[in-house]
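# A structural walkthrough
Residue strings, one per chain:
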Amino acid sequence: METTVGLRERKKAATRQAVHEAALRLVVEHGLDHVTVESIADAANISRRTFSNYFAGKEDAVLYGEEQRFRTLVRKVRAQPPALRAWPALRGATEELYQEMGEPEREWAQRTRLARQHPSLLARQLANHAALERDLSDALAERDSGMSPRVMAAAFLVGLRVAANLWSEEQESRMLIDVMNETLDQIARPFT
């Protein structure tokens, strides 16, 4: 019985991922205003009703990947060795997540960033980022940091955002992890 449940959950996860990828691709290609739930469902080869089983709307489908990365980052921070101080735990979790996901394609990252600047997505992203900040703060609360876990989480997230923006705007071909490490090192200097 456990195998059946595992298979069912894997199929649901694969469908959710396929819908997210279809939504993101269509929004990047056509803009959010020109994409409907029906077009996303068609591109993912599912019905409109099945779409509704997974997402409340197209915005949810577009932002799903980002939300999953946030959840994974928080889990990885919690899984860091308990004796590790807060900042190294954040850095270690980020490195693990990067190794798992690999280097994103620069052009795709730039196009995706532009697509996500749509006004109807911005409020949702802001709420997601505030929730991530709270979750990271909770994950850091038991660690020695020398500062408020909320302040550290916020500073860390600003560093990641700045690094991602710098990386996507660069003409050079540095890897994202290198830009992230450089940016996070600069943020950490006053605290070390």
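Computed from a predicted structure; not experimentally measured.

Quick notes on the rules
- Residues numbered from 1 in each chain as written.
- Predicted model: local features only at pLDDT ≥ 70, side-chain atom pairs only at ≥ 80, totals over all residues.
- Heavy atoms only, no water.
- Helix = DSSP H or I, 4+ residues; strand = E, 2+ residues; numbered from the N terminus.
- Expected span 1.5 Å × (residues − 1).
- Buried < 20%, exposed > 50% of the residue type's maximum accessible area, 1.4 Å probe, protein only.
- Core = buried A, V, L, I, M, F, W, Y, C linked by side-chain atoms within 4.5 Å.
- UniProt positions renumbered as here; feature names shortened; annotations may be inferred.
- Salt bridge = Lys/Arg side-chain N within 4 Å of Asp/Glu carboxyl O.
- pLDDT = per-residue confidence, 0-100.
- Lys, Arg positive; Asp, Glu negative; His and termini not counted.
- Contact = heavy atoms within 4.5 Å.
- Arc of directions from axis to C-beta.
- Phe/Tyr/Trp six-rings, centres within 6.5 Å; stacked < 30°, edge-to-face > 60°.
- Lys NZ or Arg CZ within 6 Å of the ring centre and 35° of its normal.

## Concerning helix α7 (residues 119-140)
Between its terminal C-alpha atoms α7 stretches 32 Å, which fits the 32 Å expected from 22 residues at 1.5 Å a residue. Looking at α7, one finds that the buried residues are Leu 121, Gln 125, Asn 128, Leu 132, Leu 136, Ser 137, Ala 139 and Leu 140.

## Points about the nonpolar core
Grouped together as the largest cluster of nonpolar side chains are 28 residues, with contacts concentrated most on Val 77, Trp 87, Leu 90 and Leu 136. For this core, the secondary structure elements donating two or more residues are α4 (58-78), α5 (86-101), α7, α8 (149-169) and α9 (176-188).

## Focus on the UniProt feature "DNA-binding region" (unreviewed entry) in the protein chain
The UniProt record annotates "DNA-binding region" (unreviewed entry) at residues 36-55. Helix makes up 70% of residues 36-55 and strand 0%. Its end C-alpha atoms lie 13 Å apart.

## Re the pattern of salt bridges
Counting across every chain of the model gives ten salt bridges. Close ionic contact of Arg 174 with Glu 182 constitutes a salt bridge, the shortest N to O distance being 2.8 Å. Here Glu 182 falls in the partly exposed class, since its relative accessible area comes to 38%. Linked by salt bridges that have partners in common, Asp 60, Glu 67 and Arg 124 make up one network.

## Observations regarding the confidence of the model for the protein chain
Per-residue confidence for the protein chain gives a mean pLDDT of 88; residues scoring 70 or more make up 91%. Ranking the helices and strands of the protein chain by mean pLDDT puts helix α2 (residues 37-43) first, with 97, and helix α6 (residues 106-115) last, with 65.

## Some words on the environment of Gln 125
Tracing the backbone shows Gln 125 in helix α7. Taking the relative accessible area as the measure of exposure, Gln 125 reaches 11% and is therefore buried.

## Things to note about the side chain of Arg 143
One can find Arg 143 in the loop between α7 and α8. Although Arg 143 is buried, it forms no salt bridge, and the closest oppositely charged side chain is Glu 142 at an N-O distance of 9.4 Å. If we ignore the near neighbours within four places in the chain, the residues touching Arg 143 are Val 77, Arg 78, Gln 80, Pro 81, Pro 82, Leu 84, Arg 85, Ala 86 and Ala 89.

## Considerations on the UniProt feature "domain: HTH tetR-type" (unreviewed entry) in the protein chain
Those places that UniProt annotates as "domain: HTH tetR-type" (unreviewed entry) correspond, in this numbering, to residues 13-73. The span residues 13-73 shows a helical share of 79% and a strand share of 0%, and its end C-alpha atoms are spaced 18 Å apart.

## A closer look at unusual backbone geometry
Despite not being glycine, Asn 45 has its phi angle at roughly 60°, a positive value. Along the chain, Asn 45 falls in the loop between α2 and α3 (48-54).

## A short note on α9
An α-helical turn contains 3.6 residues, so any two residues separated by three or four positions project in the same direction. Counted at 1.5 Å a residue, the expected span for α9 with its 13 residues is 18 Å, and the 18 Å between its end C-alpha atoms agrees. Those residues of α9 not exposed but buried are Leu 176, Ile 177, Val 179, Met 180, Thr 183, Leu 184, Ile 187 and Ala 188. The buried residues of α9 occupy an angular sector of 160° when projected down its axis, which confines them to one face. Those residues of α9 that are buried are in contact with α5 and α8.

## Some thoughts on the packing of aromatic side chains
Here the structure, examined in full by the defined rule, presents three aromatic pairs. Both rings, one in Trp 87 and one in Phe 156, keep their centres 5.5 Å apart while their planes meet at 85°; by these two values the pair is edge-to-face. Of the two residues, Trp 87 sits in helix α5 while Phe 156 sits in helix α8, which places them 69 residues apart along the sequence. One aromatic cluster is present, built from ring pairs that chain together Phe 51, Phe 55 and Tyr 64. Stacked on the ring of Phe 55, the Lys or Arg Arg 16 has its end atom at 5.4 Å from the ring centre.

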